[in-house]
Amino acid sequence: MKNRNDLHRDLTRLDGKPYGAYRDLTGTTYDLGRGIEFTLDRAQVDPYAPPSLAHLRLPLSLGQYRGRGERVAAADYLTRVFDRAARGSRDIQIGRIGQQILERTTAEAHEDHALVRFTVALPAAGRRIKGRLAATILTEALPGVAEKLLRVDTQELDRHVSLHRDQEWLRAQLPEMGLVAFVGEGAVLPRRSGDSDEPLDGAVPFASPPTLRREVTLPSGRTLTGMGIPEGVTVIVGGGYHGKSTLLRAVERGVYPHIEGDGREWVITRPAAVSVRAEDGRAVSGADISAFINNLPSGEDTTAFSTTNASGSTSQAANLVEAIEAGADALFIDEDTSATNFMIRDERMRALISADREPITPFVDTVRALYRDAGVSTVLVAGGSGAFFPVADHVIGLDAYRVSDVTERAHDLGGEAPSTSIRFRPGAPRVPVELSAPGKRKPAAAKGRALIRYGKATIDLGPAEQLVDQAQTTGIAHAIDLLERRLGSGESLREAVEQIAALIDAQGLDALSPHRGHPGLYARPRVHEIMAAVNRYRELEVE
């Protein structure tokens, strides 16, 4: 094995050579001292291409973290330490790390060592190597970053892993507790701004109403109290800007564990809960939306509905049934992002337009059947209409971010729930004919958090609000490439995506990568967002 001086000498010798000569260093391991090993896995041949890929092997004993969740949390902690240590360098990067603890390819915790993967922008003057500057980056700056990892605060690491262990334990208990979500006492839900995920300083801490307060004892021995959001139909009400959507957004993001200090550490939500909204203009392929839209004047079959330009109501209906197809057991809906005619129809409109002339069965008429027949709960923000009061199991009120249980008052105002014979029957699993992109020459790729380039097509994931990190979007792009090989053989979309999830469980997140060795920097997406991406591909065809 070569050493640090060898790396400095090898880089200096490359000074002034064509940029592609950096590839001469790939695959060679260099000992940087103190047992730190550096390998350049893949060097870019062009200085204007994305940065090169590299990794460090560190002599850290992490065998005490045995379960998958514990290793994910330990790896997340190492990623954050590396990120903080490298912030002074614009050349060494490990991605943008947010408030959520995600399974990533950036780090791995093993019995007697840790791997940390990152990118390095190897310097150039035009298309010529700046070898001396590269030597400074890799033999001076990088060892400094690595040594901070060796000096990791073991108590802080243990606390990080313990928090994650408690969070995931509580998440697993929610079904047994009959809860969709749990919001801990003292949680800070508001964010600094619409484009920041940091907690808002001076925000009103969350306090549970007594009627919904629950208490749990965590594996760490800590006793935790907070508000339980029960299964069934829950409506969140309050004046404008009083915190309704803030509460809903926090619960939506509660499908992920959060780091200490985020304020939402104890906002814990079932992992299969999905946010649903209207999405004008999206493509829909073979979705059974007949529970909500039927008897169209055109005579079109809505048990296998397709369009390249869905309206607000049809897009929301499609989003809802696709979420259930993906395995959702709870739905989050905000009236601000919903189609009014999909959600409600008031008495005057019912009197003017008879039921046999209205193709849309509003969600208010089906929400109870959705829970009764399919076991799918709904948490709904309503600020402009009390139409859901009669069908709600619980109504939560917010006043200046303070929470109360107003169920009894809402039921008094709303009256009894209307009797209905409506049943909800989930559609049959859809089977894609195939998945392919005409003109595709490169693997699918993320373009920011919300876009995937697939062949010549663009898949827009902007409305997928529970997708929190561009690294997840990269993971989805890799999953789409794998789905190309699976779909078209009679397998349903959900079966194929669940097989990919099982592959990750068995082989690790690296299994998604199209490359051997360094897989690139990405994070694990949920099954729901992978299916959401495929569903929005405009060329998708189903049997």
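Residues numbered from 1 in each chain as written. Predicted model: local features only at pLDDT ≥ 70, side-chain atom pairs only at ≥ 80, totals over all residues. Heavy atoms only, no water.

The name that an unreviewed UniProt entry assigns to the protein chain is Putative ATPase of the ABC class, with the source organism given as Corynebacterium oculi.

### A short note on the domain arrangement of the protein chain
Looking at the assigned domains, one finds that the protein chain contains domain 1 (4-152), domain 2 (273-413) and domain 3 (432-542). Using C-alpha coordinates to define each centre, domain 2 is positioned 28 Å away from domain 3. A buried area of about 1,500 Å², summed over both sides, lies between domain 2 and domain 3, and 44% of it is on carbon and sulfur atoms. Broken down residue by residue, the surface that domain 2 buries against domain 3 is led by Ser285, Glu325 and Ala326, which jointly contribute 31%. Where domain 2 touches domain 3, the interface holds 2 salt bridges. The shortest N-O distance in the salt bridge between Glu465 and Arg277 comes to 2.9 Å. Here domain 2 is connected to domain 3 by 12 residue pairs in polar contact (both at pLDDT 80 or more). Counting only elements with at least two residues in the side of domain 2 that touches domain 3, the list comes to β17 (273-275), β18 (284-287) and α6 (312-325). (Domains from an automatic or database assignment. Buried area = accessible area lost by both parts, 1.4 Å probe. Salt bridge = Lys/Arg side-chain N within 4 Å of Asp/Glu carboxyl O. Polar contact = N/O pair within 3.5 Å; in protein donor to acceptor, adjacent residues only side chain to side chain. Helix = DSSP H or I, 4+ residues; strand = E, 2+ residues; numbered from the N terminus.)

### Here's the deal with the packing of aromatic side chains
All chains considered together, the criterion is met by 8 aromatic pairs. Note on Tyr19 and Tyr22: the rings are 5.0 Å apart at their centroids and 75° apart in plane angle, and the pair reads as edge-to-face. Exposure remark for Tyr19: the relative accessible area of 5% places this residue in the buried category. Overall, the relative accessible area of 0% leaves Tyr22 in the buried class. Arranged with centres 5.9 Å apart and planes meeting at 15°, the rings of Phe342 and Phe363 form a pair that is stacked. With a gap of 21 residues between them, Phe342 in helix α7 (residues 340-343) and Phe363 in helix α9 (residues 363-374) connect regions that are remote in the sequence. Exposure remark for Phe342: the relative accessible area of 0% places this residue in the buried category. Classification of Phe363 by relative accessible area gives buried; the value is 0%. In this structure an aromatic cluster arises from ring pairing among Phe292, Phe342, Phe363, Phe388 and Phe424. (Phe/Tyr/Trp six-rings, centres within 6.5 Å; stacked < 30°, edge-to-face > 60°. Buried < 20%, exposed > 50% of the residue type's maximum accessible area, 1.4 Å probe, protein only.)

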